[in-house]
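# An overview of the molecular structure
One letter stands for each residue in the lines below.
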Amino acid sequence: MAFIDHIDHGPTRLLYRYWLSRRRDCLMPARRLIEPRDIAELLPHIFLADVMPQGRYRYRLVGTHIGEHVGRELTGSYLDELAEGRHYERFRAIFDLVATAPAINYFASELHWQDRSWMMYRRLLLPLSDDGITANMLLGASFYEPRDPRYDTVRRLDETIQVRELENETMALS
């Protein structure tokens, strides 16, 4: 099964396909290859995080949809300033994996945060690299949507694939 088959959300699939198309002959595309106008409809959901020394992550850019649901502007903040305890450890572990493996992570679940269990949360996290080898930035998208009331339970997804495993997938999407 191709990694894209795990992504059950159209806009998230669109970003994943776009990221693949920008890779060219590298493991990961550089930030300079990402053209905001190419993914204009996704911009309210997009975030960019710099991979900083000492394992920190700073949000360089955070879309308006994300800020509305989190309840504040996040641009310029560090991950370790925004989350605490097990929430921070979970986010940090995923950010570290995507940055160091490098890997791609897709997460989808009911949102149990700030009394919002009625929401669906989807996040795609992708590495970017100036040299094509070492991730120096993360490109992500977060979607907060009403949960479909037709379903009593929500299928939780947490899928990760190392970038090196994507060679055949890129060719299949062409």
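Residues numbered from 1 in each chain as written. Predicted model: local features only at pLDDT ≥ 70, side-chain atom pairs only at ≥ 80, totals over all residues. Heavy atoms only, no water.

### Focus on unusual backbone geometry
- In the segment running from Ala101 into Pro102, the intervening peptide bond is cis, with an omega of -25°.
- Assignment of secondary structure puts Pro102 in the loop between helix 4 (85-100) and strand 3 (103-111).
- The phi dihedral of Arg24 falls on the positive side, at around 55°, and the residue is not glycine.
- Positionally, Arg24 belongs in the loop between helix 1 (10-23) and strand 1 (46-51).
- Classification of Arg24 by relative accessible area gives exposed; the value is 55%.
- A positive phi angle, near 60°, is found at Gln54, a position not held by glycine.
- Along the chain, the position of Gln54 falls in the loop between strand 1 and strand 2 (57-62). (Helix = DSSP H or I, 4+ residues; strand = E, 2+ residues; numbered from the N terminus. Buried < 20%, exposed > 50% of the residue type's maximum accessible area, 1.4 Å probe, protein only.)

### Some thoughts on the pattern of salt bridges
- Overall, the coordinates contain 8 salt bridges when judged by the stated rule.
- Where Arg60 meets Asp50, a salt bridge forms, and the shortest distance between an N and an O atom there is 2.9 Å. Placement of the pair is Arg60 in strand 2 and Asp50 in strand 1, with a sequence separation of 10 residues.
- Judged by relative accessible area, Asp50 falls into the buried class, the value being 5%.
- Where Arg122 meets Glu145, a salt bridge forms, and the shortest distance between an N and an O atom there is 2.8 Å. Linking Arg122 in strand 4 (residues 119-128) with Glu145 in strand 5 (residues 137-146), this pair joins segments that are 23 residues apart in sequence. (Salt bridge = Lys/Arg side-chain N within 4 Å of Asp/Glu carboxyl O.)

### A short note on helix 1
- Under the 1.5 Å per step criterion, the end-to-end length of helix 1 is 20 Å for 14 residues, consistent within 8% with the ideal 20 Å.
- Of all the positions in helix 1, only Thr12, Leu15, Tyr16, Tyr18, Trp19, Leu20, Arg22 and Arg23 are classed as buried.
- Just beyond helix 1, the residue with positive phi is Arg24, at close to 55°. (Expected span 1.5 Å × (residues − 1).)

### Observations regarding the confidence of the model for the chain
- The pLDDT averaged across the chain works out to 86; a share of 85% of its residues lies at or above 70.
- Mean pLDDT across the elements of the chain ranges from a minimum in helix 5 (residues 167-173), with 51, to a maximum in strand 1, with 97. (pLDDT = per-residue confidence, 0-100.)

### Points about the pairing of strand 4
- Across the 10 residues of strand 4, 10 count as buried, placing the element largely inside the fold.
- Here strand 4 shows two buried faces, one formed by Met119, Tyr121, Arg123, Leu125 and Pro127 and the other by Met120, Arg122, Leu124, Leu126 and Leu128.
- Bridge count between strand 4 and strand 5: 10 bridges; the pairing is antiparallel. Along strand 5, the bridge assignment pairs Leu126 with Leu139. (Pairing = 2+ DSSP bridges.)

### Considerations on the side chain of Ser77
- For Ser77, the location among the structural elements is in the loop between helix 2 (64-70) and helix 3 (79-82).
- Excluding its chain neighbours within four sequence positions, the residues that come into contact with Ser77 are Tyr57, Arg58, Tyr59, Arg72 and Leu82. (Contact = heavy atoms within 4.5 Å.)

### Here's the deal with helix 4
- Counted at 1.5 Å a residue, the expected span for helix 4 with its 16 residues is 22 Å, and the 22 Å between its end C-alpha atoms agrees.
- Among all positions in helix 4, only Tyr88, Ile94, Phe95, Val98 and Ala99 are buried. When helix 4 is viewed along its axis, its buried side chains cluster within an angular range of 135° and face the same direction. Across from the buried face of helix 4, at angles greater than 90 degrees, the exposed residues are Arg86 and Thr100. (Arc of directions from axis to C-beta.)

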